[in-house]
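Summary of structural features
Residue-level listing of the chains:
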There are 2 protein chains.
Amino acid sequence: MAKIDDVARLARVSKGTVSNVFSQKRPTSDEIRERVMRVSKQLNYVPNHTARSLVTKKTMAIGLTIPYGSFFFTAFHMQFINGVILEAAYYGYRVLLDIIPSQEVKTPFLTSYPIDGAVVMRPTANDERINQMHLGQIPFVTVGHVMNENIEHFTSVDNDNHQIMYNICEYLISKGHKDIMFLNASELMTVSIDRKASFIHAMKDHGLDVEEHMIHHKPDLDSSEYMDYGYEETILILGKQKKKVTAIIADDERTAFSVLKALKDLNLSVPGDVSLFVVCGDHSMMVQSNPALTSMDLQPSELGAQSVRLLMHQLGVLQGDFSGNIIVEGKIIERNSVSTIDHKEKHN
Amino acid sequence: MAKIDDVARLARVSKGTVSNVFSQKRPTSDEIRERVMRVSKQLNYVPNHTARSLVTKKTMAIGLTIPYGSFFFTAFHMQFINGVILEAAYYGYRVLLDIIPSQEVKTPFLTSYPIDGAVVMRPTANDERINQMHLGQIPFVTVGHVMNENIEHFTSVDNDNHQIMYNICEYLISKGHKDIMFLNASELMTVSIDRKASFIHAMKDHGLDVEEHMIHHKPDLDSSEYMDYGYEETILILGKQKKKVTAIIADDERTAFSVLKALKDLNLSVPGDVSLFVVCGDHSMMVQSNPALTSMDLQPSELGAQSVRLLMHQLGVLQGDFSGNIIVEGKIIERNSVSTIDHKEKHN
DNA sequence: TTGTAAGCGTTATCAC
DNA sequence: GTGATAACGCTTACAA
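Report follows, based on the coordinates. Note that the structure is predicted; figures quoted are calculated from it, not measured.

Here we take up the side chain of Asp194(B). All names here are of chain B. Looking at the secondary structure, you find Asp194 in helix 8 (residues 190-205). An unpaired buried charge is present at Asp194: no salt bridge exists, and Arg195, the closest side chain of opposite charge, is 7.5 Å distant. Among the polar contacts made by the side chain of Asp194, one reaches the side chain of His145 at a distance of 3.4 Å. Among all residues touching Asp194, those that are not within four sequence positions of it are His145, Asn161 and His162.

Dropping the structure here:
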């Protein structure tokens, strides 16, 4: 590969000038610029990204850290990633997928991350990756709030998980549901902690008790139960234990579909016997499902875009020291999986 | 951030020695290694990735190039990406998402790619990105074969699209279907070219004519029709034009769901009136759909892993100059969306 | 096994 | 506007 000296020599200018032509950081005369570009094309020269990074201390890449424990992407992840990539590209940044797989990895020793900043998706409590970023002094914004000791971090994007969960409960309760089963996200994630609290809160506010069988958490990725989350719980609680449950809240569409399958196996109809509410999920899937699934739209793509914008502020790409929380609204989208319970009927 | 000199000074060794401790390329005495590590921890030192890259000429990252025109990920993409990331991580490589968005981008001037190699997903005919890689001398493997002038490239991973399409057709024909509508992928992608050819081939082999209304191509991403692909075609051909169609082959699950919706709107049942066959698609979705969708499993995750392995051979990480095509098998998974046509019944 | 010093390919700082 | 030259932080011969 041709290097800057080759171009400089052939164009009979100094390397500094060639550099200026490409970086556009200093003006150059038309004549020289043209000559340099012509020679560059001829030699097939492009500036070496790594060398440039070494001196500018910018990699023009941001890391996208996917939560450990949700390695199988859901629609939420995909849409979020879409939002991040698109927005990052807009500012000339590339996205480095930064996933810590649970499997063994060959990386012998760590090095610094070749990124200027990072978007950390759904941090867990005391998330080790957050500590890493903090130590490495890498600017980052999280989706979902940080719960690490000694780290006060106020740059994050999130839905208002408290509000969202509260709204979902009120929605269901207003339809006459009292026996609600909540299939929450992984216990480790901070969002699930918030949602659980709000679930309990909302129930209490309406004079409803929360029993143990009503809240479940998604198992770890390594767990054999991971893929069946939703199915097993439904079979167990509604089938074997014969608990009364009139509505189920599922954490994502995969879980929702598992529930649907379990309900079918139990000969229970939706929403006739049991109502189903999905937190997030892919629109086209929700629509087509039978019945179409009522859901809470978390606007993942918007979350992704906003998180990048926040990061750009931290990196100085966007003006203004904009740090803080951005709340993206969640909207209930009514479809056909939730029905109203007529309590008089139930009295016989 | 601490640098290697700081560590060297404090540990009273040379920078070369510190380097050796971290890179493990040369043996170091236990005593010194320990001292260096202790000081490093104390100073919070990690080797600078960029500086290392500059001299080793390795970035330890591979690019993952998602096809232009399919910016909305399907299950195929997600599973493929999963396969790539996992396998790359195993060899200590990170993955740089390398998507060329159709929108305007701020990148003023190009630089070299900070990657050691790339996986190019679903290249189009005369794919510009392939030309770029070729020019930049970046090793790459494609998923789907290359159709660029002057570029002979034999390192790719693929399903046997000819065989797959042929098998699908034979499967449908064996069930008595003669009027099959094929909702193909984007016209630009090389896979769609192969599949179209095989579709026609298979039909001809069974004495069936292929009329114009039987083959469609997914519109461009920018097109307003993109999201409705499947719905519009079904309404148009089966509804307005009242063409006889007993089976539909959909390119992905999104398209399949759109078709399902259109069919419902047309008051046509699946598989009673029309059979539906999906190429690829997410297992959990296909299973839960009503009816469960019969599909061809393309094993995207396996494709991803294999493509990385091939790339590792090219990068010398894996031994042996393994270049060529790896074919990943496609398997028909029978569920409930395809029915057998009894031709006697149709004679009244 | 460890130290020394010459790069790696840019950009940045000065002069001019 | 342009040209020298010193960084940038590391690896790697080569020497010791």
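Another point: the protein's contact with DNA strand C. Of all residues adjacent to DNA strand C, which total 27 residues, the nearest are Lys15(A), Ser19(A), Arg52(A), Thr17(B) and Ser29(B). Among atoms of DNA strand C positioned within 4 Å of the protein, sugar and phosphate together represent 74%. With respect to DNA strand C, the backbone of Asn48(A) contributes an N or O atom lying 3.2 Å from a phosphate oxygen. Between DNA strand C and the protein, one listed contact pairs a phosphate oxygen with a side-chain N or O atom of Thr17(B) at 2.7 Å. Taken together, the elements giving at least two residues each to the surface near DNA strand C come down to helix 2 (15-23) and helix 4 (49-56) of chain A together with helix 4 (49-56) of chain B. Top element by residues in the surface near DNA strand C is helix 4 of chain A. It accounts for five residues. Residues that form the surface near DNA strand C fall into these classes: 12 nonpolar, eight polar and seven charged.

The next subject is the packing of helix 1 (residues 4-11) of chain A against helix 2 of chain A. Residues and elements named next belong to chain A. Direction vectors running N to C along helix 1 and helix 2 enclose 105 degrees, while the axes themselves pass 8 Å from each other. With respect to helix 2, the axis of helix 1 lies roughly perpendicular. In this structure, helix 1 contributes Ile4, Asp5, Val7 and Ala8 to the contact, and helix 2 contributes Lys15, Val18 and Ser19.

Right, let's get into the pattern of salt bridges. Residue and element names in this part refer to chain A. In this structure the tally under the stated criterion is 24 salt bridges over all chains. Here Asp158 and Arg122 are joined by a salt bridge, their closest N and O atoms 3.8 Å apart. Here Arg122 lies in the loop between strand 3 (117-121) and helix 6 (128-136) and Asp158 lies in strand 5 (residues 156-159), a separation of 36 residues in the sequence. A cluster of three or more residues bridged by salt bridges with shared partners is formed by Arg195, Lys218, Asp251 and Asp252.

Right, let's talk about the state of the cysteines for a bit. Simply put, the disulfide is a covalent bond whose two ends are the sulfur atoms of two cysteines. On inspection of all chains with the given rule, the structure shows zero disulfides over all chains. Distance from the sulfur of Cys169(A), which forms no disulfide, to the nearest cysteine sulfur (Cys280(A)) is 17 Å.

Residue and element names in this part refer to chain A. Pairing within the open sheet is mixed, and its six strands lie in the order 7-6-8-9-10-12. The strands lining the two open edges of the sheet, one partner per strand, are strand 7 (215-218) and strand 12 (331-333). Between one strand and the next, the sheet's axes are offset by a mean angle of 20 degrees, whatever the strand orientation. Of the strands in this sheet, strand 6 (180-186), strand 7, strand 8 (247-250) and strand 9 (275-279) are in contact with helix 8 (residues 190-205), which crosses strand 6 at around 165 degrees.

All names here are of chain B. Of all seven residues making up strand 6 (residues 180-186), seven are buried, and the element is well covered by its neighbours. In this sheet, strand 8 (residues 247-250) lies alongside strand 6 in parallel orientation, the contact comprising four bridges. Across the sheet, the residue bridging to Phe182 is Ile249, located in strand 8. Bridge count between strand 6 and strand 7 (residues 215-218): four bridges; the pairing is parallel. Across the sheet, the residue bridging to Asn184 is His217, located in strand 7. A crossover connection joins strand 6 to the parallel strand 7 through helix 8; in handedness this β-α-β unit is right-handed.

Listed by partner, the interface residues are 61 residues for chain B and 62 residues for chain A. Here chain B and chain A share an interface that buries about 5,800 Å² over both sides, 66% of which is from carbon and sulfur atoms. Linking chain B with chain A are eight residue pairs in polar contact (both at pLDDT 80 or more). Residues belonging to the side of chain B that touches chain A are distributed by class as follows: 33 nonpolar, 18 polar and 10 charged. Where strand 2 (residues 94-98) of chain A lies against strand 2 (residues 94-98) of chain B, three bridges are found, and the strand directions are antiparallel.

What counts and how
- All residue numbers refer to positions counted from 1 along the written sequence of the respective chain.
- Labels are handed out in written order, letters beginning with A for the chains and numbers beginning with 1 for the ligands.
- Totals for whole chains, interfaces and linings use every residue, but because this is a predicted model, local features are given only for residues with pLDDT of at least 70 and side-chain atom pairs only at 80 or more, for both listing and counting.
- Think of the side-chain values as coming from all heavy atoms in the structure, minus any hydrogens and water.
- Numbering goes from the N terminus for both helices and strands, where a helix is a DSSP run of H or I of at least four residues and a strand is a run of E of at least two.
- Burial status follows relative accessibility: with a 1.4 Å probe on protein chains alone, a residue under 20% of its type maximum counts as buried, one over 50% as exposed, and anything between as partly exposed.
- Only four residue types enter the charge count, namely Lys and Arg as positive and Asp and Glu as negative; His and the chain termini do not.
- Put simply, a salt bridge is a Lys or Arg side-chain nitrogen that is within 4 Å of an Asp or Glu carboxyl oxygen.
- Polar contacts, as used here, are pairs of N or O atoms within 3.5 Å; protein pairs need one atom able to donate a hydrogen and one able to accept it. Residues neighboring in sequence count only if both atoms are side-chain atoms.
- Residues are treated as being in contact if the distance between any of their heavy atoms lies within 4.5 Å.
- We call a residue near a given molecule or strand whenever any one of its heavy atoms falls within 4 Å of it.
- Classification convention: Asp, Glu, Lys, Arg as charged; Ala, Val, Leu, Ile, Met, Phe, Trp, Tyr, Cys, Pro as nonpolar; all other residues, Gly among them, as polar.
- An axis is simply a line fitted to the C-alpha atoms; with a helix, the fit covers only the stretch in contact. Between two such axes, the angle follows the N-to-C directions and lies from 0 to 180 degrees.
- Angles below 35 degrees are treated as roughly parallel, those above 145 as roughly antiparallel, those between 65 and 115 as roughly perpendicular, and all remaining angles as oblique.
- Disulfides are defined as cysteine sulfur pairs within 2.5 Å.
- We treat two strands as partners when DSSP finds at least two bridges between them.
- With strands facing away from the observer, any crossover in which the path from the first strand over the helix to the second runs clockwise is taken as right-handed.
- A 1.4 Å probe defines the accessible area here, and the buried area is the portion of it lost by two parts on being joined, summed over both.

Structural measurements only, silent on function.
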